[in-house]
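Structure assessment
Chain by chain, the residues:
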Amino acid sequence: MSAYILNRRQFLNVGLAAASVSFLPSFAAGESLADERTAWFRAAKFGMFIHWGPYSLASVEASWPIMKPDSWGISETDYRALPKRFNPTKWDPDHFIDMARIAGQKYMVFTTKHHDGFCMFDSSYTDYKITNTPYGKDIVKQLSDACARRDMPLGFYYSPPDLNHPGFRDTSKLSKDNWNGQPERYLWSSYLDYMRLQLTELLTRYGDVKVIWFDGLYHQEKYDGQRFLDLIHKLQRTTLVNDRIGLTADYVTPEQFIPTSIPTKDVHMRGADSSIQKELRTGVPPAADFQLWETCMTINQTWAYNAHDHNYKSASDLIRGLVEVTSRGGNFLLNVGPQPDGMIQPEFQERLEAIGKWIAVNGESIYGTTFGPIQGEKNYRTTVKGSDLYIHVVEWPLTPLRITDLKSKVLSVHLLADNQPLPFKQTERDLQITLPQEAPDKNVSVLSIRTL
Ligand code: H79
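All of these numbers come straight from a predicted model, not from anything done at the bench.

Some points on the sheet that holds strand β6 (residues 294-298)
Read across the sheet, 7 strands follow the order β5-β4-β3-β2-β1-β7-β6 without closing on themselves; strand pairing throughout is parallel. In the strand order of this sheet, the two ends are held by β5 (240-241) and β6, each with one partner. Judged from the 5 bridges that link them, strand β1 (residues 46-50) and strand β7 (residues 331-336) form a sheet pairing that is parallel. Its bridge partner being in β7, Met48 is matched across the sheet by Leu334. Of the strands in this sheet, β2 (107-113) and β3 (154-158) are in contact with helix α6 (residues 139-149), which crosses β2 at around 165 degrees. Along the sheet, helix α8 (residues 188-204) makes contact with β2, β3 and β4 (211-214), crossing β3 at roughly 165 degrees.

Details of the environment of Trp358
Tracing the sequence through the fold places Trp358 in helix α11 (residues 346-362). Remark: the alpha-carbon pair of Trp358 and Ser316, spanning 42 residues in sequence, is separated by 9.6 Å. If near-sequence neighbours (up to four positions away) are discounted, Trp358 is found in contact with Ile319, Leu322, Val323, Gly363, Ser365, Ile366, His392, Asp441, Asn443, Val444 and Val446.

Quick notes on the packing of helix α5 (residues 93-103) against α6
Axis separation between α5 and α6 bottoms out at 9 Å; the angle between their running directions is 50 degrees. Here α6 runs oblique to α5, going by the angle between their axes. Of the two possible hands of crossing, α5 and α6 adopt the one that is right-handed. Packed against α5, whose contacting residues are Pro93, Asp94 and Ile97, the element α6 presents Gln142, Leu143, Ala146, Cys147 and Arg149 at the interface. Classifying every residue of the contact of α5 with α6 gives 5 nonpolar, 1 polar and 2 charged.

Criteria and cut-off values
Residues numbered from 1 in each chain as written. Predicted model: local features only at pLDDT ≥ 70, side-chain atom pairs only at ≥ 80, totals over all residues. Heavy atoms only, no water. Pairing = 2+ DSSP bridges. Helix = DSSP H or I, 4+ residues; strand = E, 2+ residues; numbered from the N terminus. Contact = heavy atoms within 4.5 Å. Axes fitted to C-alpha atoms, helices over the stretch in contact; angles between N-to-C directions. Parallel < 35°, antiparallel > 145°, perpendicular 65-115°, else oblique. Left-handed = near helix turned anticlockwise from the far one by under 90°. Nonpolar A, V, L, I, M, F, W, Y, C, P; charged D, E, K, R; others polar.

This is the structure in structure tokens:
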């Protein structure tokens, strides 16, 4: 569990980076990254991750109780028996779409199959699936229909590790002994075929799939990822793919932490341990070096529903997280683990509502923006959209806010909180903005700066 303590500290990194202002790209820097396939994703910024399966019945983490059994108090046999009781009678995909809309989340990623191998869709190639539970209906189908009806972009989390498939591992052993898979056995190719068939189901039966979110854990080369990337693109040309099947593909996925500076293409953040290989560069990289990325994070400390985990991040932490991520050009994929009855627990709902309230006022500084031209400042973060620069003030200063090295001519400054223009003075050296004494927003107050 110590990984989480470290990650939480990294998460709260507001203001720790050394002040550094490197060269200023033109405000249109983001535009040169333009790529039709990723445009919606880059604009969306904020998504809802959903980790759901029969594991939610036991208030344990998804899949890990059978991989690392010591700390969860459930045996593999009992874990395996959970589907027999899975019957989420209150499940309503519209409730999730409503909550995502309230929070300001612009896309969803849903666990179609986690490492345990249980399928939340009606796959023709296994019996270990949602249609063989008391609930009996295809939850992925219900969700994808609702998302299509309501224009909510939907992506599928699909775990390459599959502890239930006899081609993946010798299933006569306990999962804890071979959960990394056994690619050395002749049966391995039957597992890759199973993946091919299931990905084909997911990409042909459920409408538009905006993302395939692989979660390949360790030794990802064993999946022969290029084969699946080709398959996905053959079936749906525009589907984005993350970086956890041994290839960077479209974007990298720091898990449970926010990189402290802007990710570039020479730095890898793939893999289950979310390690950053190589130091991140500080400052602002040339647009062509920018690496598209998405931080995924839990609201408490478990991906799955866990009634015992009360270690919730505050709404303010989460808003600041969204600001941190956006200021470095990334997306924030915030997780909910639905209850076994299919509802989102009230503690999560409250936080999603609070984020949504902040976004209702400040959303224009988030959506459609890219990393700002000033990085590493203590008091504020920046994002940019066309000729508009946004200053997210995380520590409200007592003196006028001083911004140095801003090369564009400032036309106006106003607070998004009240749309009132603020007095400012621009010289060759700096821009000084006179702020009200009190921060208008206790979370993060945002200034919009219109430039020539
Ligand atoms: O699906 C979620 C996790 O199950 C999966 N990726 C996200 C999106 C994941 N794969 N690897 N890891 C997370 C990192 C491994 C963390 C661990 Fe642990 C530390 C495994 C065992 C100790 C977290 C804490 C899981 C169990 C306890």
